[in-house]
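# Descriptive structure summary
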Amino acid sequence: MIKKILFFIIPIVLVFAYGMKPKDKPTRNQDNTGGTTYRIMPNPDNALVVASDTLNVNQISTWFRNNGSFNRNPANSNSGFEWPKGSLKFARYASGIWIGAVVDGDTLLCIAEYDYEYLPGYVDPQGNPQGSDDPNYRIFNLKSTDTSDYGDWRTIASGQGAYLDSSGNPLLLGSQTMFYSYTDAYPEAHANNSGGTAPLKAQILQTNWAYSVNGPLSSMAFSEFRIINRSNKVWTKCYIALWTDDDLGDAQDDAVGVDTTLDLGYTYNFDNNDPNYGAAPPAVGFDYFRGPIVPSVGDTVRYYQPPGSSNLVVKPNFRELGVTAFNMYTNGDPSVGDPRNPTETYYNLQGIKRDGSRWVTPTGDTTTFAFSGNPTTGQGWNEANSGDRRFMQCSGPLVVNPGDTQSIIVAQVIARGENNLKSISALKQADDLAQRIFDNNFAVPDAAKCPNVSSYAPGNNKIYLSWGSESEKDSIQNKLSGGYYKFQGYNIYQIVSGTNGSRPDQRQLIETY
């Protein structure tokens, strides 16, 4: 049977519905709309050899680079985490991975901040960095709709550590999957004032992926960092951290917090209006799904390696460490500003302020988790004002022997609620879904197939839509809790011109059939 519907000419979209829809910071001159240029350092990260690419298969469009940096636009050094995709609104300016450890009595660091201490490549058996001038050490990028990198992934990327499935083909973790390898072993790359030490000789194998589905998953991006000690020395008192400078629209009205029960660090708008996002601005965060593992007699760690595969790893007498500190900075603040030297950076990795003092809660207790209250309810310890914030989620201390690997898996999650504080609640709800997906080994529910729609506009201010009934016969397995979703009906929306209709204020339900 063919459905035929008559409408006046308006922008519309048809939705097929089931039971569930799936130092200091560089100066800038204007608001964070994506077109503002920050300070661009003269070849600060050996730009000629560093590759860049976007993860953009869902509502997030963001940059990744094979020098430890992500969420920063390499073309203009401006914010690179756009949400919703196509809106020219940005929630994150720059993010990166930081590592610090004590090696033979010296504190060594490698960081990715506003300039970067990593370069593409690997460390050879003699401890020498290789690959920065090798075009094969690039970002390999596969989409379900673009498999042009398929052959190179199987033959080149796999030799660098990219995952293959049991048939020897690329293991696609999502609708889009990236892989690349980089290292801090190049001494010339260690020029950041917050670092600047000798190299740790870490090699990092990074895999990023995202899902092109409906619902909260369309606003998530996942990353795995496999961190390998390629030196011949033990890393003691090692800390691994994700650092981020979130400019949630405008940079000056942000606040940060952490939910220690979820391992979720987040940035939110302090008031209910942002110069770029407008009313009810979103909240954005990092969730640690899997942290480093440490010896622990009587405990057992279980995880799938690679993620999403059927290879279950069981390690008796180990436990997952999780997040051990949440630290925050305010741009230019004399007490909790950005670290200015290696000593201050190593303090920050431990959850200590840069001057060596401890965070103290309003009740007088010392802690490594700053602002661990609930801003939505007002309970606990929350920020009392706003500013240009960044934060760091840390895990440690660890002992990493030569040749050992520590892995972390994280998600970037963004959500929008009815106001700035309810956006935090929406973020936590989305994060709970992401955690269930991780706990279920990334068994992501399939997206409902949209029906094939044809349209006809005869020029009389009317538009005719028609579609077949094939989609009504489909059912979708609920991989998270069992059972199946069955067809329920069709929703037809009017969307605001110039938008993609991803936000509630950009669409209006016209009719349900």
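Use the structure listed above.
Along every chain, residues carry numbers that run from 1 in the direction the sequence is written. Two thresholds apply to this predicted model, a pLDDT of at least 70 for residue-level local features and 80 or more for giving and counting side-chain atom pairs, whereas whole-chain, interface and lining totals are computed over all residues. Each side-chain value is derived from all of the structure's non-hydrogen atoms; neither hydrogens nor water enter the calculation.

What follows covers the layout of surface pockets. Using a grid of 1 Å spacing that covers the protein atoms alone, one calls a set of points a cavity when a 1.4 Å probe fits there but cannot get out, and a pocket when the set is open and has protein on both sides within 12 Å along at least five of seven lines; lining residues are those with an atom within 4 Å of a point. Grid points are joined across faces, edges and corners, and a volume is the space filled by probe spheres set on the points. If you add up the space inside the second largest pocket, you get close to 350 Å³. Every residue lining the second largest pocket is counted, 18 residues in all, and those nearest its centre are Ile-293, Lys-315, Phe-318, Thr-405 and Gln-406. Secondary structure elements with two or more residues in the lining of the second largest pocket: strand 25 (293-304), strand 26 (312-320), strand 30 (389-400) and strand 31 (405-415). Among the elements that line the lining of the second largest pocket, the one with the most residues is strand 25, at four residues. Basically, the charged four are Asp, Glu, Lys and Arg, the nonpolar ten are Ala, Val, Leu, Ile, Met, Phe, Trp, Tyr, Cys and Pro, and anything else, Gly included, counts as polar. A per-class count over the lining of the second largest pocket returns nine nonpolar, six polar and three charged. Only DSSP runs of H or I covering at least 4 residues are called helices, and only runs of E covering at least 2 are called strands; the numbering of each starts at the N terminus.

Bringing the nonpolar core into the picture now. Generally speaking, nonpolar side chains in soluble globular proteins are found buried as a group. Formed by 56 residues in total, the largest nonpolar core has its most connected members in Ile-97, Ile-99, Phe-225, Trp-235 and Leu-242. It only takes one pair of heavy atoms within 4.5 Å for two residues to be counted as in contact. In this structure, Ile-99 is in contact with Leu-108, Leu-109, Cys-110, Tyr-118, Leu-200, Ala-202, Ile-204, Ile-227, Cys-238, Tyr-239, Ile-240 and Leu-349, ignoring residues within four places of it in sequence. By nonpolar core is meant a set of buried Ala, Val, Leu, Ile, Met, Phe, Trp, Tyr and Cys residues that side-chain atoms within 4.5 Å join together. Accessible area is worked out with a 1.4 Å probe on protein chains only. A residue is then buried under 20% of its type maximum, exposed over 50%, and partly exposed in between. Counting 29 residues, the second-largest nonpolar core is a separate cluster that includes Trp-209, Leu-433, Ala-434 and Val-444.

A separate point is unusual backbone geometry. Cis geometry marks the peptide bond from Trp-83 to Pro-84; its omega dihedral reads -10°. Take Pro-84: it is sitting in the loop between strand 8 (81-82) and strand 9 (90-92). Of note, the bond from Gln-305 into Pro-306 is cis; its omega dihedral lies within 30 degrees of zero at 0°. Inspection of the secondary structure assignment puts Pro-306 in the loop between strand 25 and strand 26.

With that settled, the discussion passes to a nonpolar patch on the surface. Only residues whose relative accessible area exceeds 30% and that take part in no salt bridge are eligible for patches, with like-charged residues grouped when within 9 Å of each other and nonpolar side chains (Val, Leu, Ile, Met, Phe, Trp, Tyr) grouped when within 5 Å. Per-residue and other accessible areas follow the Shrake-Rupley method at a 1.4 Å probe size, with only the shown protein chains counted as cover for residues. Note on definitions: salt bridges are taken to be side-chain nitrogens of Lys or Arg within 4 Å of carboxyl oxygens of Asp or Glu. Taken together, the side chains of Tyr-304, Leu-312 and Val-314 make up a nonpolar region of the molecular surface, amounting to roughly 240 Å² of accessible area. By relative accessible area, which is 30% here, Tyr-304 ends up partly exposed.

Side-chain pairs of opposite charge can arise whenever the charged atoms involved come near each other. Per the counting criterion, the structure on display carries 14 salt bridges. Close ionic contact of Asp-245 with Arg-390 constitutes a salt bridge, the shortest N to O distance being 3.8 Å. Within this pair, whereas Asp-245 is found in strand 19 (residues 235-245), its partner Arg-390 is found in strand 30, the two being separated by 145 residues in sequence. Through salt bridges with shared partners, one network takes in Asp-245, Asp-338, Asp-388 and Arg-390.

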